[in-house]
Amino acid sequence: MSPRAVSRVFRPTLFGVGFVFLLAGALPACQREPGKAIEEIQSVTIEGPTMGTRFTVKIERARDEATIDAASRRIPEVLGAIDSMMSTYKPDSELSRFNQHQDTSSFPVSPEMIEVFQAARVVSEASGGAFDITVGPIVNAWGFGPEQRSAPPADSEINALLPRVGYLMVEIDAASSSLRKARPDIYCDLSGIAQGYAADRVAKMLDELGVADYMIDVSGEFRTRGRNDRGDSWQIAVERPDAPERTAHLVVPLSDKSLATSGDYRNYRERDGKRVSHEIDPKTGQPIAHGLASVTVVTDNCALADAYATALIVMGPEKGFALASEKGMAVFFLVRNADGGFDERRTPQFDALVNVVQ
């Protein structure tokens, strides 16, 4: 029985790079045969570009043609709306307009922006500022934002930018749906949370349509419900760092949960023979330089999984793991060792979820 693959295209804007993927062989993408009855459709795959990367949504046991058509139409609309709100690459996005607002007066924003800023604040407070959406100017200075740069910033430039970094310098007023800067030159970057939030919004829409079994992948940030085509939990593979080709290091069976991974092995640059990660420590303004290669977080909410993965990799293998353990989170760390391999660290909550790929 042939699954249906649907694509919708809209102008993408860069947000980031994923580090997890649906296990190979579990995601067929062929066209539904003309005239095929809905009763015979077992799988529906909806995929396309978004946020400078790609999304894939797989629906199992679709109940009727109207549901499929609604999902095919609305998924790109939901993702496009988030992109138009939260991109730093689009000068007319809601976030870009807030960044351009060189004033400390209240700036009206959408309820979705308030949701994301509030979720970011939760992770910032829990991590002691390791996750901080106001680090955008320093991300840009290192050449990982919209501004293209070939040379690393001087220490003097970083020192001049650090006073602009601090999550408490953005006041969130949910009652009036507005934001206020403590200083006019605050600049926010939501790339560490927006894709996870986008997956949550797609999930909310599918739930409203009555879809019971789905897998959402927005550039490696996953949100799942129900079961896959075999009636099992969705099988999400965490990538092995530094492999020449995408290789599964382990597989996480995921149902009614979200999963996000942050790593230093895809989005980085080589300078003087050293890896310069896109993950920036907001306290120092420097790329992370410890041995933590990747962090995978499993939670109910994908926006929080996305943000916590970033926070924990910034904190490093010891402090990050301590925070994850303290909060009882399902987290998996891959730490580079002196032999050129990787050491694993898993919280008990994560250990209960996974099977190692041989």
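What comes next concerns the included structure. Bear in mind the structure is a predicted one, so any value in this text is a computation, not a measurement. (Residues numbered from 1 in each chain as written. Predicted model: local features only at pLDDT ≥ 70, side-chain atom pairs only at ≥ 80, totals over all residues. Heavy atoms only, no water.)

Regarding the nonpolar core
Logical step 1: Membership of the largest hydrophobic core comes to 72 residues, with the highest contact counts inside it found for Ile59, Ile75, Phe117, Leu190 and Leu206.
Logical step 2: The greatest single-element share of this core, amounting to 10 residues, is contributed by helix α7 (residues 302–315).
Logical step 3: Apart from the residues lying within four places of it in its own chain, the contact partners of leucine 206 are Val57, Ile59, Ala71, Ile75, Val211, Tyr214 and Ile216.
Logical step 4: Ranked by size, the runner-up nonpolar core spans 17 residues in total, among them Phe222, Val252, Leu254 and Val298. (Core = buried A, V, L, I, M, F, W, Y, C linked by side-chain atoms within 4.5 Å. Buried < 20%, exposed > 50% of the residue type's maximum accessible area, 1.4 Å probe, protein only. Helix = DSSP H or I, 4+ residues; strand = E, 2+ residues; numbered from the N terminus. Contact = heavy atoms within 4.5 Å.)

Thoughts on the packing of helix α6 (residues 194–208) against α7
Logical step 1: Close contact between α6 and α7 brings their axes to 7 Å; oriented N to C, the two are set at 165 degrees. The angle between α6 and α7 falls in the class roughly antiparallel. Here α6 runs over α7; the crossing is right-handed. On the side of α6, the interface is formed by Ala194, Gln195, Gly196, Tyr197, Ala199 and Asp200, while α7 contributes Cys302, Ala303 and Asp306.
Logical step 2: Taken together, the residues that form the contact of α6 with α7 break down as five nonpolar, two polar and two charged. (Axes fitted to C-alpha atoms, helices over the stretch in contact; angles between N-to-C directions. Parallel < 35°, antiparallel > 145°, perpendicular 65-115°, else oblique. Left-handed = near helix turned anticlockwise from the far one by under 90°. Nonpolar A, V, L, I, M, F, W, Y, C, P; charged D, E, K, R; others polar.)

Looking at the pairing of strand β12 (residues 258–263)
Logical step 1: Most of β12 is tucked away: six of the six residues are buried.
Logical step 2: Burial along β12 is two-sided: Ser258, Ala260 and Ser262 and Leu259, Thr261 and Gly263, pointing in opposite directions, are all buried.
Logical step 3: Note that β12 and strand β17 (residues 292–299) share six bridges and pair antiparallel. Note on β17: the bridge partner recorded for threonine 261 is threonine 296. (Pairing = 2+ DSSP bridges.)

What to know about the sheet that holds strand β7 (residues 178–181)
Logical step 1: Pairing is antiparallel across the open sheet formed by three strands, whose spatial order is β5-β7-β6. Bordering the open sheet on either side are β5 (107–108) and β6 (170–173), each of which pairs with just one other strand.
Logical step 2: Judged from the two bridges that link them, β5 and β7 form a sheet pairing that is antiparallel. Looking at β7, one finds that proline 108 is bridged to serine 178.

As for the side chain of arginine 346
Logical step 1: Along the chain, arginine 346 falls in strand β19 (residues 342–346).
Logical step 2: One polar contact links arginine 346 to glutamate 344, side chain to side chain, over a distance of 3.0 Å.
Logical step 3: A polar atom in the side chain of arginine 346 sits 3.1 Å from the side chain of aspartate 351. (Polar contact = N/O pair within 3.5 Å; in protein donor to acceptor, adjacent residues only side chain to side chain.)

Comments concerning the packing of aromatic side chains
Logical step 1: For the structure shown, the criterion picks out four aromatic pairs.
Logical step 2: Taking 5.6 Å as the distance between ring centres and 80 degrees as the angle between the ring planes, the aromatic pair formed by phenylalanine 321 and phenylalanine 333 counts as edge-to-face. Within this pair, whereas phenylalanine 321 is found in helix α8 (residues 317–326), its partner phenylalanine 333 is found in strand β18 (residues 330–336), the two being separated by 12 residues in sequence. Taken individually, phenylalanine 321 and phenylalanine 333 each receive the classification buried, so the pair is uniform in this respect.
Logical step 3: Taken together, the aromatic side chains of Phe98, Phe107 and Phe117 make up a single cluster linked through ring pairs.
Logical step 4: Taking NZ or CZ as reference, lysine 181 lies 4.9 Å from the ring centre of phenylalanine 98, over its face. (Phe/Tyr/Trp six-rings, centres within 6.5 Å; stacked < 30°, edge-to-face > 60°. Lys NZ or Arg CZ within 6 Å of the ring centre and 35° of its normal.)

A look at helix α3 (residues 111–126)
Count 3.6 residues to each turn of an α-helix, and residues three or four apart come out pointing the same way.
Logical step 1: Compared with the 22 Å implied by 1.5 Å per residue over 16 residues, the 23 Å span of α3 between its first and last C-alpha is a close match.
Logical step 2: Taken residue by residue, α3 has Glu112, Met113, Ile114, Val116, Phe117, Ala119, Ala120, Arg121, Val123 and Ser124 as its buried positions.
Logical step 3: Each element contacted by the buried residues of α3 is listed here: α1 (65–86), α2 (94–100), β6, β7, α6 and α7.
Logical step 4: Trailing α3 by a residue or two, glycine 128 shows a phi angle of about 65 degrees, which is positive. (Expected span 1.5 Å × (residues − 1).)

Some words on the pattern of salt bridges
Logical step 1: Applying the stated criterion across every chain yields a total of 17 salt bridges.
Logical step 2: Between glutamate 112 and arginine 201 there is a salt bridge, and its shortest N-O distance comes to 3.6 Å. Of this pair, glutamate 112 sits in helix α3 while arginine 201 sits in helix α6, and the two are 89 residues apart along the sequence.
Logical step 3: Classification of glutamate 112 by relative accessible area gives buried; the value is 17%.
Logical step 4: According to the relative accessible area criterion, arginine 201 is partly exposed, its value standing at 23%. (Salt bridge = Lys/Arg side-chain N within 4 Å of Asp/Glu carboxyl O.)

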